[in-house]
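# Results of the structural survey
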Amino acid sequence: MYDQYNRKIDYLRISLTDRCNLHCRYCRPEVSEHVPHNEILRYEELLRICRAALQLGIRKFKITGGEPLMRKGCSDFIASLKQLDGVEQVTLTTNGTLLAQQLPALIAAGVDSINVSLDTLDAAYYTELTGGSLDSVLQALRELQAAGIPFKLNCVPLAENGLSDIMQLLKLAHRYNAPLRFIELMPLECNTNLQGLSGSEIRSLLEQAGLQLQPDAQRYGNGPASYWRIGGYKMPVGFIEPLHNKFCAVCNRVRLTSIGMLKPCLYSSEGMNLKRLLRDGGSDTDLLQAMQEIIFVKPEGHSFDVEAAHFNMNQIGG
């Protein structure tokens, strides 16, 4: 369907859980309260919402968290979602730490591609930044490559990382011929002490290092990244810049949080409580109408370039 600004909305991000086994300094506090399990949407409720989304023309689904692989039955849910008539693509975003052990089940479920978050190849800094182990992520990348599953690497570049980390990630992406995307730091109340790097700052650093960059007009996936080619590297390099290259005018997505709030914008304080509708006995017609209403009023743009969002990643579902 189309929203009030004539944007075609065909992409739904589904958060399976608010929980994560990492505590990345830029997206969540070290200590956070978790939503009780009975407040999380059940898989049958999620599938009911997905069926309604398909009626509205949504064909692409991204499974996120928190860390989606922390929720038992993630692969089974993906398999069920893939079987719904009209679904074109189901992809997964993960921090990669649990991926190797669950990859066979995800492949069997029919996952189309996987995005892996990886901000550094310095093992000590990775642990400092996330609280996790880098080795488990690198093992997952090797197994993804061996299985032939398409994947992208997502990096949130911080000023404290410096050029060294960026260059190491470029080399890793080149080795796997996997698109590498630099995602601009999103201003949240929990990360006001951190400084991110914009796409132009990264490109300037790379050019100063002697690399040649050319814009790449091709799209890789469903996201808002602008892509570039770097001389000597096989893969495209993308930049997602919600602050310095605002892409709201072409945004095609809505988000479903793990507690059942359908949010028309990642940073919107508004949303439709679909869980309440479902558990109060709402019909499929009621569900479809509610989703139509909130999608249609999707705001023209976000406003977090004015102030930090008053929530953390637990609340928006990764």
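Further up the page is the structure itself.
Attention here is on the structure that accompanies the text. Every value quoted in this text rests on a predicted model; they were computed, and no experiment measured them.

The rules behind these values
Numbering of residues starts from 1 in each chain and follows the order in which that chain's sequence is written. Selection of residues for local features in this predicted model requires a pLDDT of at least 70, selection of side-chain atom pairs for listing and counting requires 80 or more, and totals for whole chains, interfaces and linings are taken over all residues. Note: side-chain values were computed over all heavy atoms of the structure, leaving out hydrogens and water. Side-chain atoms within 4.5 Å link the members of a nonpolar core, which is a set of buried Ala, Val, Leu, Ile, Met, Phe, Trp, Tyr and Cys residues. Burial classes: relative accessible area under 20% of the type maximum marks a residue as buried, over 50% as exposed, and values in between as partly exposed (1.4 Å probe, protein chains only). Numbered from the N terminus, helices here are DSSP runs of H or I no shorter than four residues, and strands are runs of E no shorter than two. For Phe, Tyr and Trp, rings pair up if their centres lie within 6.5 Å, where Trp contributes its six-membered ring, and each pair is then called stacked (planes under 30 degrees apart), edge-to-face (over 60) or tilted (otherwise). Here, a charge over a ring is recorded when the distance from Lys NZ or Arg CZ to the ring centre is within 6 Å and its angle to the ring normal is within 35 degrees. Place the viewer so that the strands point away; then a crossover is right-handed whenever the path from the first strand over the helix to the second strand goes clockwise. Strand pairing is assigned whenever DSSP identifies at least 2 bridges connecting the two strands. Residue contacts follow a heavy-atom distance rule, with two residues in contact if any of their heavy atoms lie within 4.5 Å. Working convention: axes come from line fits to C-alpha atoms, limited for helices to the stretch in contact. Angles between N-to-C directions cover 0 to 180 degrees. A 1.4 Å probe that fits but cannot get out identifies a cavity on a 1 Å grid over protein atoms alone, an open set with protein on both sides within 12 Å along at least five of seven lines counts as a pocket, and a residue lines either if it has an atom within 4 Å of a point. Grid points are joined across faces, edges and corners, and a volume is the space filled by probe spheres set on the points. Under the grouping applied here, Gly and all other residues not named as nonpolar or charged are polar, the nonpolar ones being Ala, Val, Leu, Ile, Met, Phe, Trp, Tyr, Cys and Pro and the charged ones Asp, Glu, Lys and Arg.

A separate point is the nonpolar core. Among the nonpolar cores identified, the biggest contains 95 residues, and Ile 14, Phe 61, Ile 63, Leu 81, Ile 114, Leu 141 and Leu 170 are the most heavily contacted of them. For this core, the element with the highest residue contribution is helix H1 (residues 43-55), accounting for eight residues.

Glancing now at the packing of aromatic side chains. Using the criterion set out here, one finds four aromatic pairs in the structure. With a centroid separation of 5.8 Å and 65 degrees between ring planes, the pair formed by Phe 151 and Tyr 176 is classed as edge-to-face. You can see Phe 151 sitting in strand E5 (residues 151-155) and its partner Tyr 176 sitting in helix H6 (residues 162-176), a full 25 residues away along the chain. In terms of burial, Phe 151 and Tyr 176 fall into one category: buried. Of note, Arg 71 hangs over the ring of Tyr 43, and the distance from its end group to the ring centre comes to 4.1 Å. One residue, Arg 175, lies across the ring of Tyr 176, its end atom 5.9 Å from the ring centre.

Before going further, it helps to examine the pairing of E5. Counting buried residues in E5 gives five out of five residues, a clear majority hidden from the surface. Burial along E5 is two-sided: the residues Phe 151, Leu 153 and Cys 155 and Lys 152 and Asn 154 are all buried. Taking the sense of rotation as the criterion, the β-α-β connection linking E5, H6 and strand E6 (residues 180-183) turns out right-handed.

Turning to the sheet that holds strand E7 (residues 213-216), a few remarks are in order. Sheet architecture is open: 12 strands sit in the order E7-E8-E9-E6-E5-E4-E3-E2-E1-E10-E11-E12, paired in mixed fashion. Both outer strands of the open sheet, E7 and strand E12 (272-273), are each paired with one neighbouring strand and no more. Pairing geometry for strand E3 (residues 89-94) and strand E4 (residues 113-117), over four bridges, is parallel. Residue pairing in the sheet places Thr 91 in a bridge with Ser 113 of E4. This element, helix H3 (residues 99-109), spans E3 and E4 of the sheet and lies at about 170 degrees to E4.

Let us now look at empty space enclosed by the protein. According to the stated counting rule, one finds one cavity of 30 Å³ or more in the structure shown. Considered as a void within the structure, the largest cavity measures approximately 30 Å³ in volume. Lining the largest cavity, in full, are Asp 119, Cys 155, Pro 157, Leu 158, Asn 161, Gly 162, Asp 165, Ile 166, Leu 169 and Leu 197. Of the residues forming the lining of the largest cavity, the biggest block, four residues, is contributed by H6. Looking at side-chain class alone, the lining of the largest cavity contains six nonpolar, two polar and two charged residues.

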